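Observations on the three-dimensional arrangement
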Amino acid sequence: MIVWLNGAVLPDPAAAGLSALDHGLTTGDGVFETLKLVNGRPFAVTKHLQRLVRSATGLGLPAPDVAEVEDAIATVVKADPDIAFGRLRITYTGGVSPLSSDRGTTGPTLIVASQAIKPPPPSSAIVTVPWVRNERSAVAGLKTTSYAENVRALAYAKERGASEAIFANTVGNLCEGTGSNIFCVYDGELVTPTLESGALAGVTRGLVIAWFGAVERDVPLAKLAEADEIFLTSTTRDVQAIHRADDRDLATPGEVTAAVAKVFAERSAEDIDP
């Protein structure tokens, strides 16, 4: 693992000099992005940095210096260029602050870190959870570090043999996973929840819509049980088929899922920064 913190690569990532008063630690006041690393190259940097800025300003943080973040990414990648498959995470927090919800005045903290990981399996299982996403929340649609509900939901799913938890929103419509977007196929039509449902505007989600096409509409959670095919999208999953949704088995990969995965693999291989 390589970690860059506020201007320098740390000699020992386990001994990072992050303040105990950092607002990202004490209140979850921060935003982040996770990029896929393929053969030492980060994918879709521009789109991820655009969303980082949107999330930061949406949370009321000053806009990050994109040039500084790009330099940090380049430094981290150069320090460990041999990662065949991995993740690169950008974390941007409110910085040193009082032990309260008030922000301090010292300015944000910026961290960029990389880590090799195993590629995900071609298919997986999902479980719906008894908690909901609040589509009217102040942080709806922002990729914040306030991830405790995702941690709880993912643990719930893993206890039931699944790799991802799926949320409905407050009005009972399908929303998203803890770190993924969801797509369903009904009679050959590819459908994904609207962003108004509270779902994050995933980078991979957007590329699937642009490269393959999908209908964005509200889907009642109960309709998940009627989907002919289901797949998830995320930075490291790309397009991942779902072979079990709650207690229902699905044949994988379905025809539409396989076609989407093929298009995504081809187009992403052609352009590292689409």
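By convention here, each chain's residues receive numbers from 1 onward along its written sequence. Reporting of local features is limited, given that this is a predicted model, to residues whose pLDDT is at least 70; pairs of side-chain atoms are given and counted only at 80 or more, and all residues count toward the totals for whole chains, interfaces and linings. Working from all heavy atoms in the structure, the side-chain values ignore hydrogens and water.

Quick notes on the overall build of the chain
Across its full length, the chain carries six helices and 15 strands. We compute the radius of gyration over the C-alpha atoms and compare it with the globule rule, which gives 2.2 Å times the number of residues raised to the power 0.38. Here the C-alpha atoms of the chain give a radius of gyration of 19 Å, agreeing with the 19 Å that 2.2 N^0.38 yields for 274 residues. Expressed as lengths along the three principal axes of its C-alpha atoms, the size of the chain is roughly 55 × 40 × 30 Å. Working definition: with a 1.4 Å probe on protein chains only, accessible area under 20% of the residue-type maximum means buried, over 50% means exposed, and in between means partly exposed. Split into buried and exposed, the 274 residues of the chain put 49% on the buried side. In what follows, residue pairs with any heavy atoms lying within 4.5 Å of each other are defined as contacts. In the chain, 69% of the contacts between residues at least 6 apart in sequence involve partners at least 24 apart. Elements are defined by DSSP. Helices are runs of H or I of four residues or more, strands are runs of E of two residues or more, and each kind is numbered from the N terminus.

Let's talk about a nonpolar patch on the surface
Taken together, the side chains of Leu-21, Val-96 and Leu-99 make up a nonpolar region of the molecular surface, amounting to roughly 270 Å² of accessible area. Looking at the element boundaries, Leu-99 is found in the loop between strand S5 (85-93) and strand S6 (109-116). Only residues whose relative accessible area exceeds 30% and that form no salt bridge enter a patch; like-charged residues are grouped when within 9 Å of one another, and nonpolar side chains (Val, Leu, Ile, Met, Phe, Trp, Tyr) when within 5 Å. Every accessible area reported is derived by Shrake-Rupley at a probe size of 1.4 Å, with residue values counting cover from the shown protein chains alone. By salt bridge we mean one thing: a side-chain nitrogen of Lys or Arg within 4 Å of a carboxyl oxygen of Asp or Glu.

Observations concerning helix H3 (residues 66-79)
Helix length check: H3 (14 residues) gives 20 Å between terminal C-alpha atoms against 20 Å at 1.5 Å per residue, within 8%. Residues Val-69, Ala-72, Ile-73, Val-76 and Val-77 constitute the buried set of H3. The arc enclosing the buried residues of H3, seen along the axis, measures out at 130°, which places them on a common side. Of the residues in H3, the exposed ones pointing more than 90 degrees away from the buried face are Asp-71 and Lys-78. Buried residues along H3 sit against strand S1 (2-5), strand S3 (30-38), strand S4 (41-42), helix H2 (45-58), S5 and S6. By the criterion applied in these results, polar contacts are pairs of N or O atoms within 3.5 Å in which, for protein atoms, one can donate a hydrogen and the other can accept it, and in which residues neighboring in sequence qualify only through two side-chain atoms. Where H3 begins, the capping side chain belongs to Asp-65, and its oxygen is found 3.0 Å from the backbone nitrogen of Ala-67. Under the convention used throughout, the expected extent of a helix is 1.5 Å for every residue step, that is, one less than its residue count. As used here, the arc belongs to the directions running from the helix axis to the C-beta atoms.

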